[in-house]
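Residue-level structure breakdown
So the chains spell out like this:
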Amino acid sequence: MNWLERTMTAAGRGAAWLLPAGRRDWVAAVWAEAHEVPPGLARLVWRAGGVWMLAREALMPRRLGRAAVFAVAAAFAAWAAWPQPGVGHAAESQFHVIATVLLLAGLPLLARRFFGSASPGRAGRSLRVLCCAAVLAFLPALAVVEAFANLTPAQPAYRYIFCIAQGWSNTQGCGGVPGRSTGGPPWAGEIVLMLLTIGYVGVILFLTSRRSQVTRSTLAIGAGMGLLFGVVMFAVAPLGLNKWATDPWLPGSTADPLVALAWILLFGGPAAAAVLAARRYRRPDGTKPPYTVRIGQGIAAGVLANGTAALFTAALGTGTVALMLKSAWLLHWLNHGQQLTAVVTYRYEIYAGTGAFAYVVMLIFFPVIGLIMSSVAAAIANPAPRQPGPRTDGDGGPPSPGRAPVP
Amino acid sequence: MASRSGFSAQTLSVLAALCDQPSQWQHGYALARQTGLKSGTLYPILIRLADRGLVEACWQDEPAPGLPRRHLYRLTATGLASATGALARAADRATEQAAARTATGKLRAGGRPRPATRGAAAGMTP
C-alpha cells in the first residue's frame, strides 16, 4: 500500500463519521473490498470511487446542500448590503438586512410546519429558489440605490437637480449636509418592505406546498405568465418608473407598443392564466365541488403571474439601477450616442435612483390586480352548476302551492 | 436515464447481476466486474436498493487471513420479484425498440409498407 492509498484509506475512515450511522458500513465495505482489486491504478480508482460515494452521501442530503448554498448566498448578500459608515439611517438598513435574512431562513421552516413540505415537481421548487434569489438580489441592489439617492451632492448645480428629483418644491436648503447621506428609508419604509417580503415569500411557500394543492400545471402557467410579463415590464421600465430615467433608450410614451403590451399583460395576463389553469385542472378532489377547486387554481395562477412579474421586475430593475450607479459603462451604453456631461449624467443617475422606489409600488399593487382579475375571470369561466329542483313556473310539474291565507 | 420500470440502466445491470445467482451472496468487486460499474456508481445503487428493501447486505463471517471482512449482497424475495419484473419489461422494451428500428430501416431503404386499413384488419377486403 503506497502513501497515497494509505492517505485515502485514513481520510475515508475519518470522513465516514460525517455520514449517518446507517451509512458508515457502506464506506467500510468499499475500503474492505479494495483489497480484492488488483493493486495499482485499478485499486486507486476503486478507492477514489469510495471517496466520491462518501462525498455524495455526506453532501447529497439535499436539505444540507440547500442550506449551505443559502447560507453562502445570504452571507454574500448581507455583506454587500451592509451599510457603509456615514450612511444615514444605518440602523434601519442593518435591521432590513438582518430581518430579511432571518425571514428567508425561518419562513420555510414555519411553512413546513403549517403547510407541509414542498409540492412534488420542479415547478414548485424552482419557484421557491427564484423567489429566494430575487429577495437576496434585491438586498444589495436596494442598498446601493438608497445610498446614492439619499446622498446630498456638494455642488450647487447637482443639488438643485437632487432636490427636484426628491420631489421637494422648495429647493432652498434642501437635502441636509452636502456630501453626506442624511436621508434614508424611515422605519415605516423598512416595515413596509418587511411586510412585502413576508407576504411574497409566505404566499410563494404556501402556493408551492402540499397543503395548498396547487397543481404543477397551475404553478407552471402562473410562473410562465409572470416571467413573460416581467420581461416586458423590465423592458418598459429598466430604470424605475421615471420618464427621465427610461427616456435614454425607450420612448416611454403610452403609445409605445411595448407599454401597451405591458398594460394588456397587467390586466389580461392573470385573467388568461386563471382561465387556462382552471381548464387544465383534471384531478377530482371529491371533498369540494369541482368548480370551486378550479376557481381556486385559477386565482392561484393569477396571483402568481402578477406576483412573479413584480418580483422579477423589481429585482432586475433595482439591480440594473445599482449596476448603472456603480458602473459608468452601463450608463454610457444605455445613453449611447448622447453627449453626457457631468450634470446630465448626474440627472440620469438621480432620477433612476429615485425612480427605482416605484418598484415597491409594483410589488404592492400587481398581486392585488392579479387577485382581482383572476378571481373575476375564474368565476366567469367556471360558473356554479345549477341545482336540479322542482320548477315553480311553466307548464310541467305540479302546481305550486298558493300563498297561505293570512288569518 | 430512468426507465419506465423506475430503475436506471445501471441499476438494472446490478439487478441482473444479482439475479444470476439469487440465493448466493455476492461481493462488491464481483458485481463491479460483472456490471462494469465503478465503485462510486455501484455502491450508491446498492445503498438505494438496500434502502428500498430489495437487497440485503451482511458482513462476511470468516474473512481470509490478513484481510478485512467483506460486505456481501443478495436480493431479498421482494427484490427478486421486482428485479425479475423490471428486467422482463426492459427486455420487452428492447425488443420493441429493435422492431421499430428495423421498420424504420426498411422505410429508409424505400420499402414503404402498405398502410393497413380498418377493413383489411377486419378481413373484409375482397
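Residues numbered from 1 in each chain as written. Chains lettered and ligands numbered in written order. Predicted model: local features only at pLDDT ≥ 70, side-chain atom pairs only at ≥ 80, totals over all residues. Heavy atoms only, no water.

**Some remarks on the packing of aromatic side chains**
For the structure on display, the rule yields eight aromatic pairs over all chains. On the basis of an interplanar angle of 85 degrees and a centroid distance of 5.8 Å, the ring pair of Trp46(A) and Tyr43(B) is categorised as edge-to-face. Placement of Trp46(A) in helix 3 (residues 41-59) and of Tyr43(B) in helix 3 (residues 39-51) is noted, with the two residues assigned to different chains. Grouping residues by exposure puts Trp46(A) and Tyr43(B) together as buried. Note on Trp263(A) and Phe267(A): the rings are 6.3 Å apart at their centroids and 5 degrees apart in plane angle, and the pair reads as stacked. Separated by four residues within a single helix, Trp263(A) and Phe267(A) lie in helix 11 (residues 257-280), roughly one turn from each other. Joined through ring pairs, the aromatic side chains of Trp26(A), Trp46(A), Tyr29(B), Tyr43(B) and Tyr73(B) make up one cluster. (Phe/Tyr/Trp six-rings, centres within 6.5 Å; stacked < 30°, edge-to-face > 60°. Helix = DSSP H or I, 4+ residues; strand = E, 2+ residues; numbered from the N terminus. Buried < 20%, exposed > 50% of the residue type's maximum accessible area, 1.4 Å probe, protein only.)

**Topic: the confidence of the model for chain A**
All names here are of chain A. For chain A, per-residue confidence averages 78 on the pLDDT scale, and 79% of positions sit at 70 or higher. Here residues 248-252 is modelled with pLDDT under 50, and outside its nearest four sequence neighbours on either side it reaches 11 contacts, counting other chains as well. Note that residues 392-407 has pLDDT below 50 and, in this model, one contact with residues that lie over four places away or in other chains. (pLDDT = per-residue confidence, 0-100. Contact = heavy atoms within 4.5 Å.)

**Some thoughts on the pattern of salt bridges**
The final tally for this structure, using the stated rule, is three salt bridges over all chains. A salt bridge links Arg74(B) to Glu56(B); the shortest N-O distance between them is 2.9 Å. Highlighted residues: Arg74(B) in strand 3 (residues 71-75) and Glu56(B) in strand 2 (residues 55-59), separated in sequence by 18 residues. Look at Arg74(B) and you get partly exposed, because its relative accessible area is 25%. Several salt bridges share partner residues, and in doing so they unite Glu33(A), Glu36(A) and Arg70(B) into one network. (Salt bridge = Lys/Arg side-chain N within 4 Å of Asp/Glu carboxyl O.)

**Re the interface of chain B and chain A**
The parts lose accessible area when they come together, and the size of an interface is often stated as this lost area. Contacts between the two partners involve 22 residues from chain B, matched on the other side by 20 residues from chain A. Buried area between chain B and chain A, both sides added, is near 1,800 Å², and the carbon and sulfur share of it is 67%. A salt bridge links Glu33(A) to Arg70(B), with the nearest nitrogen and oxygen atoms 2.5 Å apart. Elements with a contribution of two residues or more to the side of chain B that touches chain A: helix 2 (28-35), helix 3, strand 2 and strand 3 of chain B. A per-element tally of the side of chain B that touches chain A places helix 3 of chain B first, with nine residues. Residues of the side of chain B that touches chain A, tallied by class, amount to 12 nonpolar, five polar and five charged. (Buried area = accessible area lost by both parts, 1.4 Å probe. Nonpolar A, V, L, I, M, F, W, Y, C, P; charged D, E, K, R; others polar.)

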